[in-house]
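Below are the chains, spelled out letter by letter.
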Protein chains: 2
Amino acid sequence: MANKRLGSQTVQLQNDVVIISTASIVGPKEGKGPLSEYFDKILQDDLFGEKSWELAESKMIKEAMKMAIAKTSYMMNDVDYIFSGDLLNQLMSTSFAVRDLKRPFFGLYGACSTMSESLSLASMIVDGGYSDLVLAGTSSHFSSAERQFRFPLEMGYQRPLTAQWTVTGAGCTVLSSKGEGPKVKRITTGKVIDKGIKDPNNMGAAMAPAAVDTIKTYFDDTKDDIDSFDIIATGDLGKLGMDIALDLIKKEGYDISKVYTDCGVEIFDHEKQDTHCGGSGCGCSAVTFCGYIYNKLINKEFNKIMLVSTGALLSPTSTLQKQSIPSVAHAVVIQNY
Amino acid sequence: MANKRLGSQTVQLQNDVVIISTASIVGPKEGKGPLSEYFDKILQDDLFGEKSWELAESKMIKEAMKMAIAKTSYMMNDVDYIFSGDLLNQLMSTSFAVRDLKRPFFGLYGACSTMSESLSLASMIVDGGYSDLVLAGTSSHFSSAERQFRFPLEMGYQRPLTAQWTVTGAGCTVLSSKGEGPKVKRITTGKVIDKGIKDPNNMGAAMAPAAVDTIKTYFDDTKDDIDSFDIIATGDLGKLGMDIALDLIKKEGYDISKVYTDCGVEIFDHEKQDTHCGGSGCGCSAVTFCGYIYNKLINKEFNKIMLVSTGALLSPTSTLQKQSIPSVAHAVVIQNY
């Protein structure tokens, strides 16, 4: 019997897995939002000096990785593995970023769950003694996502009120077997859940059941105390999805309302910034974690948090073929103690 | 210092990681090729009773996963993690397959390197004591790949002689901490390499340097004996890429010609089946490993092999933006002893 398992889907790490550093880069709109003070770099122009949005996104994640390493005493060459992915077809942003970094690379696709997917795998690799230094990160870009998943921006398509706004942002963490910082303690890996929602403009509703399934499973598996958390943050359910998730999890017998928030709700001022249901995209939970939450952990304002990045695993092809939206959510519990 | 590392990019597993079972499903064309006797199931129709090729591919990987588990004494519910991915945008084939299996899921994108990427991660997770039972697999489908990456099939587009033929096939392995079967022993994780090749119809040439870099690194890291291998099989370099790889690795001081082959060369009879440079796609190394190579390991005709699945990380968008083709290759060494 594997000796690190807790219940059906949760793993308890045995060794130190320290998040020794993070870095976050965001676009101009995110830089005007309520979390602006927590980001390392705010772009003035979302093309970031590149010829296309895809190349700009690629530069963002590469710079975030380099910046996260630069904050430590290590060099990029000390990194054993990079775990990363993004929303673009064939991970164009990540694949093109990492070719310049020359480190072993595992490409991931979990849609907007990629921040906690990369943290989960990177943490087990460090805990298991396969590496002393790993990068885990992800990115998204409003303009590259809109044209890939929806319509050309030039069309001026009107967004329904249930829609969310893809965050332009990249976040990267540095995980190490030693050093100072908050530690990854437990990992609950999500199952793919599909409750039959077919509206690609209402992804919060599609993803909420996956988030609830993972959070419920964590508490079932661990018997942990909800009140021991300073914050439980889902990835990008947005306002509507967050309400649905709160309702659903209450029905499962867990009331997390006192500590619950959603990165997609935190990152924008929805009234003033016209982002409807809130932020989304891999970059949403990446920069909210690497900027805001990590900062609060370092300052001891938070001492125990759960990040539950949430991904809607649809594709434009699956939508055209009238399929519903499978979703997944992975939970990572991080503590100062 | 992490205690399981060997050299710069290689990990040596400490515990039993046994491939207790595999399953492979292929399309009609692959079923007429030289490896036909080794596959578990040969489809008569590449739509597999579904309404689209994407849904057919999804059914293939789901059936391969179920079939691989059915050959063991375990049930799908005993599986702790599924590691899988495919070539389709947003992993449509995999995401839709695993929602019916209700097991924790890590989505991967490594283009055609996904078979060894999934084996690498799954092996470390079992070796590290995070799970006793994991699935690792991948799929591709000629018709879904052609229309996504190239042209509508109805167009009858003429293929250049350097082109390869995407394999219609799905392969899945079951990894366990106990049981009978060949064992995963060492893992060399590849860096993303880009030598500036821009022709998407010559992916063998683009991927060969990545395969060479990983194979060279394995021997540098381990000082292992080339002659101890029964076979070193790259994923899908094809005829041209295989020749380039042999040349390049000889220049690095390693002559692997006696034991070297390529899954893309093995899977089709290129003269009779009109597949030009050979097979490609995630399914190529997946079914060649899960069918042919695994069978030879079980029968002790092979006792030590290296699988080096190779991925070209381009996207149609990156090609339109005149970018070159980043590539990656991951090596997994599997032994009977």
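Residues numbered from 1 in each chain as written. Chains lettered and ligands numbered in written order. Predicted model: local features only at pLDDT ≥ 70, side-chain atom pairs only at ≥ 80, totals over all residues. Heavy atoms only, no water.

Here's the deal with the packing of aromatic side chains
Condition: Any two of the Phe, Tyr and Trp rings considered here, Trp counted by its six-membered ring, make a pair once their centres fall within 6.5 Å; the pair's planes then place it as stacked at under 30 degrees, edge-to-face at over 60, or tilted in between. Secondary structure elements are taken from DSSP: a helix is a run of H or I of four residues or more, a strand is a run of E of two residues or more, and numbering for both begins at the N terminus. Think of it in three bands: with a 1.4 Å probe and only protein chains considered, a residue is buried below 20% of the maximum accessible area for its type, exposed above 50%, and partly exposed in between.
Scanning all chains against the criterion turns up 24 aromatic pairs over all chains. Seen in terms of ring centroids, Phe142(A) and Trp165(A) are 4.0 Å apart; in terms of plane orientation they differ by 5°. Their pairing is stacked. With Phe142(A) in helix H5 (residues 142-149) and Trp165(A) in strand E8 (residues 165-166), this pair connects stretches of sequence that are 23 residues apart. Phe142(A) sits in the buried class, given a relative accessible area of 12%. Between Phe219(B) and Phe229(B), the ring centres sit 5.9 Å apart and the planes meet at 80°, which makes this aromatic pair edge-to-face.

Re the domain arrangement of chain A
Residue and element names in this part refer to chain A. Test applied: As used throughout, domain bounds are those supplied by an automatic or database domain assignment. Contact criterion: two residues are considered in contact whenever any of their non-hydrogen atoms come within 4.5 Å of each other. Summed over both partners, buried area is the accessible surface (1.4 Å probe) that two parts give up on being assembled. Salt-bridge detection follows one rule: a side-chain nitrogen of Lys or Arg within 4 Å of a carboxyl oxygen of Asp or Glu. Any pair of N or O atoms that falls within 3.5 Å is considered a polar contact. Within protein, one atom must be able to donate a hydrogen and the other to accept it, and sequence-neighbouring residues count only if both atoms are side-chain atoms. Note that Gly is not counted as nonpolar here; it falls among the polar residues with everything else outside the nonpolar set of Ala, Val, Leu, Ile, Met, Phe, Trp, Tyr, Cys and Pro and the charged set of Asp, Glu, Lys and Arg.
According to the domain assignment, chain A contains domain 1 (16-176) and domain 2 (183-335). Placing a centre on the C-alpha atoms of domain 1 and another on those of domain 2 gives a separation of 18 Å. Domain 1 puts 55 residues into the contact, and the matching count from domain 2 is 51 residues. Of all residues in domain 1, Tyr38, Cys112 and Gln164 bury the most surface against domain 2, accounting for 17% of the area lost on that side. Linking domain 1 to domain 2 there are one salt bridge. As a salt-bridge pair, Asp16 and Lys183 come within 4.0 Å of each other at their nearest N and O atoms. The interface formed by domain 1 and domain 2 holds 21 residue pairs in polar contact (both at pLDDT 80 or more) in total. It is strand E3 (residues 18-26) that contributes the most residues to the side of domain 1 that touches domain 2, nine residues altogether. A per-class count over the side of domain 1 that touches domain 2 returns 27 nonpolar, 20 polar and eight charged.

Observations regarding empty space enclosed by the protein
Note the threshold: Cavity: a set of points on a 1 Å grid over the protein atoms alone where a 1.4 Å probe fits but cannot get out. Pocket: an open set with protein on both sides within 12 Å along at least five of seven lines, its lining residues, like those of a cavity, having an atom within 4 Å of a point. Grid points are joined across faces, edges and corners, and a volume is the space filled by probe spheres set on the points.
Going through the model one piece at a time under the given rule, you end up with three cavities of 30 Å³ or more. Looking at the largest cavity, its volume works out to about 80 Å³. For the largest cavity, the full set of lining residues is Arg150(A), Tyr157(A), Arg159(A), Pro160(A), Thr162(A), Ala163(A), Gln164(A), Pro200(A), Asn201(A), Asn202(A), Met203(A) and Ser280(A). A per-class count over the lining of the largest cavity returns five nonpolar, five polar and two charged. Shared between two domains, the lining of the largest cavity holds at least three residues of each, these being domain 1 (16-176) and domain 2 (183-335) of chain A. Counted as a void, the second largest cavity has a volume near 60 Å³. Contributing to the lining of the second largest cavity are Arg150(B), Arg159(B), Thr162(B), Ala163(B), Gln164(B), Pro200(B), Asn201(B), Asn202(B), Met203(B) and Ser280(B). Taken together, the residues that form the lining of the second largest cavity break down as three nonpolar, five polar and two charged. Looking at the lining of the second largest cavity, you find at least three residues from each of domain 1 (17-176) and domain 2 (184-335) of chain B.

Examining the pattern of salt bridges
Pairing between side chains of opposite charge can happen when their charged atoms approach one another. In the structure shown here, the tally under the stated rule is 30 salt bridges over all chains. Asp194(A) is the partner of Arg99(B) in a salt bridge, and the nearest nitrogen-oxygen pair spans 2.4 Å. Of this pair, Arg99(B) sits in the loop between helix H3 (92-98) and strand E6 (105-107) while Asp194(A) sits in the loop between strand E10 (183-188) and helix H6 (203-222), placing the two residues on different chains. Under the relative-accessibility criterion, Arg99(B) is labelled buried at 17%. Using a relative accessible area of 22% as the deciding quantity, one classes Asp194(A) as partly exposed. Note that Asp213(B) and Lys191(B) form a salt bridge whose closest N and O atoms lie 3.2 Å from each other.

Some details on the side chain of Arg99(A)
A distance of 2.4 Å separates the side chain of Arg99(A) from the side chain of Asp194(B), its partner in a polar contact. A distance of 3.3 Å separates the side chain of Arg99(A) from the side chain of Ser324(B), its partner in a polar contact. Setting aside anything within four residues of it in sequence, one finds Arg99(A) in contact with Val192(B), Asp194(B), Gln323(B), Ser324(B) and Pro326(B).

Considerations on the interface of chain B and chain A
Facing the 63 residues of chain B at the interface are 62 residues of chain A. Counting the surface lost from both chain B and chain A, the interface buries some 5,200 Å², and carbon and sulfur atoms represent 58% of this. Here chain B is connected to chain A by four salt bridges. Taken together, chain B and chain A are joined by 36 residue pairs in polar contact (both at pLDDT 80 or more). Elements that contribute at least two residues to the side of chain B that touches chain A include exactly helix H2 (53-70), strand E5 (81-86), H3, E6, helix H4 (114-127), helix H5 (142-149) and helix H11 (316-320) of chain B.

Overview of the relation of the copies chain B and chain A
Applicable threshold: Only residues with pLDDT of at least 70 in both copies count here: their C-alpha atoms drive the least-squares fit that superposes the copies.
The two copies are related by a screw operation: chain B maps onto chain A through 180° of rotation and 0.0 Å of translation along the axis, at an RMSD of 0.0 Å. In symmetry terms, the pair is related by a two-fold rotation axis. Judged by C-alpha distance, Leu108(B) is the residue of chain B that lies nearest the rotation axis, at 2.1 Å. By residue overlap, the copies meet face to face through one surface: 98% of the interface positions of chain B are interface positions in chain A.

Side note on unusual backbone geometry
The backbone of Gln90(A) shows a phi angle near 60°, a positive value even though the residue is not glycine. Relative to the helices and strands, Gln90(A) resides in the loop between strand E5 (81-86) and helix H3 (92-98). Overall, the relative accessible area of 3% leaves Gln90(A) in the buried class. The phi dihedral of Leu91(B) falls on the positive side, at around 50°, and the residue is not glycine. Relative to the elements of secondary structure, Leu91(B) occurs in the loop between E5 and H3.

Section: the packing of H2(B) against H5(B)
Residues and elements named next belong to chain B. Quick note on the threshold: Geometry is summarised by axes, namely lines fitted to C-alpha atoms with helices restricted to the contacting stretch, and by angles between N-to-C directions that run from 0 to 180 degrees. Just so you know how the angles are binned, under 35 degrees is roughly parallel, over 145 roughly antiparallel, 65 to 115 roughly perpendicular, and the rest oblique. Definitions for this section: a left-handed crossing has its near helix turned counterclockwise from the far helix by less than a right angle. A right-handed crossing has that turn clockwise.
For the pair H2 and H5, the least separation of the axes is 8 Å and the interaxial angle reads 135°. Our classification of the angle between H2 and H5 gives oblique. By crossing handedness, the relation of H2 to H5 is classed as left-handed. Together, Trp53, Glu54 and Glu57 of H2 and Ser143, Ser144 and Arg147 of H5 make up the contact between the two elements. Of the residues contributing to the contact of H2 with H5, the split by class is one nonpolar, two polar and three charged.

Things to note about the state of the cysteines
Where we set the bar: Cysteine sulfur atoms that pair up within 2.5 Å are treated as a disulfide.
Going through the model one piece at a time under the given rule, you end up with zero disulfides over all chains. Its sulfur unpaired, Cys290(A) is 6.9 Å from the next cysteine sulfur, which belongs to Cys172(A). There is no disulfide at Cys282(B), and the cysteine sulfur nearest it, in Cys112(B), is 5.0 Å away. The exposure class of Cys282(B) is buried, given its relative accessible area of 0%.

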